[in-house]
Structures are given as structure tokens and as C-alpha cells.
Amino acid sequence: MKRIVLFLATNVAILLVLSLAMRILGVEPYLTETGLNLTSLLIFAAVMGFGGAFISLAISKWMAKKSMGVRVIEAPSNATETWLVDTIRKYAADAGIGMPEVGIYDAPDVNAFATGMTRNTSLVAVSSGLLQQMTRSEAEAVLGHEIAHVANGDMVTLTLIQGVVNTFVIFLSRVIGHTVDRVVFKNERGHGPAFWITTIVAQLVLGILASIIVMWFSRQREFRADRGGASLAGRGAMIAALERLGSLHPQPLPDKMAAFGIAGGGASGLKRLFMTHPPLEERIAALRAVQ
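The structure presented is a predicted model; accordingly, all values stated were derived computationally and were not measured. (Residues numbered from 1 in each chain as written. Predicted model: local features only at pLDDT ≥ 70, side-chain atom pairs only at ≥ 80, totals over all residues. Heavy atoms only, no water.)

Caption draft 1: Broad picture of the overall build of the protein chain. Scanning the protein chain from N- to C-terminus turns up 11 helices and 4 strands. Of all 291 residues assigned to the protein chain, the portion counted as buried reaches 47%. Partitioning the intrachain contacts of the protein chain with sequence separation of at least 6 by distance along the chain shows that 68% fall at a separation of at least 24. For the protein chain, the accessible area works out to roughly 14400 Å², and carbon and sulfur atoms hold 64% of it. (Helix = DSSP H or I, 4+ residues; strand = E, 2+ residues; numbered from the N terminus. Buried < 20%, exposed > 50% of the residue type's maximum accessible area, 1.4 Å probe, protein only. Contact = heavy atoms within 4.5 Å. Areas by Shrake-Rupley, 256 points an atom, 1.4 Å probe, with all protein chains shown as cover.)

Caption draft 2: Local environment of the side chain of S67. Tracing the backbone shows S67 in helix α3 (residues 60–68). Engagement of the side chain of S67 in a polar contact is seen with the backbone oxygen of M63, the distance being 2.7 Å. (Polar contact = N/O pair within 3.5 Å; in protein donor to acceptor, adjacent residues only side chain to side chain.)

Caption draft 3: Representation of the packing of aromatic side chains. Evaluation of the coordinates by the stated rule reveals 4 aromatic pairs. For the ring pair Y30 and F44, a centre distance of 4.9 Å and an interplane angle of 40° mean the geometry is tilted. Residue Y30 is located in the loop between α1 (2–25) and α2 (38–58), and its partner F44 is located in helix α2; the two are separated by 14 residues in the primary sequence. For F44, a relative accessible area of 18% corresponds to the buried category. Consider the rings of Y105 and F113, whose centres lie 5.7 Å apart with planes at 40°: the pair is tilted. For the pair Y105 and F113, one class covers both residues: buried. Its end group placed over the ring of W83, R136 keeps NZ or CZ at 4.5 Å from the ring centre. (Phe/Tyr/Trp six-rings, centres within 6.5 Å; stacked < 30°, edge-to-face > 60°. Lys NZ or Arg CZ within 6 Å of the ring centre and 35° of its normal.)

Caption draft 4: Region of interest: the pattern of salt bridges. Counting across every chain of the model gives 12 salt bridges. Across the pair R182 and D181 runs a salt bridge whose closest N-O atoms are separated by 3.6 Å. Side by side, R182 and D181 carry an identical accessibility label, which is buried. Of the charged contacts, one joins R272 and E282 as a salt bridge, the two residues approaching to 2.8 Å between their closest N and O atoms. One end of the pair, R272, is in the loop between α10 (255–258) and α11 (280–289); the other, E282, is in helix α11, with 10 residues separating them in the sequence. (Salt bridge = Lys/Arg side-chain N within 4 Å of Asp/Glu carboxyl O.)

Caption draft 5: The pairing of strand β2 (residues 101–105), seen in detail. Of all the 5 residues making up β2, 4 are buried; the element is thus mostly covered by neighbouring parts of the structure. By the bridge criterion, 2 bridges tie strand β1 (residues 71–72) to β2 in an arrangement that is antiparallel. Across the sheet, residue R71 finds its bridge partner in β2, namely I104. (Pairing = 2+ DSSP bridges.)

Next up, the structure:
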């Protein structure tokens, strides 16, 4: 319940900030008595689409810490924490990125994630379940995978992709709503209920189609992060870590962080289109095929 309230409050705050930005920029309303101002609509769609995506990215570390209860390791208090910090420091140096914040969150599931706005200001967090149920070499491969996400700039890349599709969804849904209002319902001035109802329905449908595009890109980034993890920790260790994940059936992370976790996949049919991660067997086969 706490996570839901935090998520809703954050999104409301983002909408208020973006609305204020539109006023400051002096963007004219895109709805007029005679039709749509397409220039204003495109600016509105871009500000809302990219703005929401980048604000979410900017507060991603804060959200992760609050929603997942991540405890950042300021100074290691035991051998496990020392090993965790030292491993991430080594991999970060090998990957040519700044030292991430390192954290642990209390969860029985085996998982880990990386987030943050830039390659040099990231956060890598692991579950207590991962530390308890994986061997050191398997855990190191998982850490390598997360460092590869950061080094590859996956957070920014997916944010840009999300911003582009958000812009098109917002823009096209309102164009469709306007067209239906004018052509089907013959509303010649202003915009009636048909515009708003059609816009909402179109935005939902287009949003679903857009998410398929984003998820496809996310799955491709997972293959690349696996190769990065194999490069840092060894291909054998990376394959062993994925095989262990398959035997443990870990639960997925919350939506905002799912794309940058280690676990995921397993769906089939149409559900496969909405997966953030490829099936584990495909990821293992891709690693085995690397020469």
C-alpha cells in the first residue's frame, strides 16, 4: 500500500511540475474553438512525454530507496558487505564508470537492480535473498550484469525511447479524438464529450502498442548486459547465475525498476511481447553462442 501511495503521489507531482513548465514556456492551448493547434499540441506532447520520462529517471534512485527499502552501505559492517562493495568498485573501474552507491534491500527473492540518471551517479542494489542463496561467483556475475547496464547507459537509452513513444501516443491520441469528434459526430466548434472519450481510449490502445516497442528494446539490452556481465565476471559464472535464477523462480521487481533487474522473462504467447527480459533459456543460449 505504501508503494502505491508513493507511486501515485510522485506521478501527480510530476504532472503538476510539467503543467507549470508549460505555463512558464508560454505554450498556447492546443485546443481551440476551430480545431487543434498542431504546433502547440506537439510541444505539449513532447514536454509531457519526455518530461515525465526524465523526471522519473532523475528521481529513480530516491524512488528505489524509498519503495524497496534499500539500505545504502556507507561503511561496510561485515565481510559480506566488504566483498559486495569491493566487487562493485572493481567492476565499475573495469567498465570505466564512477563508483555507484551500493545497497541491500530485505527480500527473500533472488534479485538485483541498477538505477540512476547517469553512468557516474548510479545505484546498484541486491536483495538479501541473493546474498543468501547464490554462491560468490554467481553473485559476482549478477553484479557484473548490473554494472554493464550502467556502463551501457541503459537507463538513459530506455528513457529516451520511452519519451519518444510517449510523445507520439499523446499527440496521435488527441489527433484521433479530434478527427472522430469532427468527422463522426459533426461537432464543428469546440470539442464535445466524444473528443475526450475517444482520446482516452486511443491513448490506452496506443500506449499498449507503444509498450511493446519499449519492451522489445528492453529485452535487447538484457542480452547486451549479460554479455557485459560475462566479460566482467566470466562467461561460466554468468551462465551459472542465470541457471540458478531459473531454478529459484524469482519474483519480478516493481515496474519502474523491472527493466534493470537481473530476473524476469518466462512468459509465452502474447505475454512475451510485454516482457522486460527474454526467457532465461534464451539468454543462456545466447551466451553459450558467443565465440
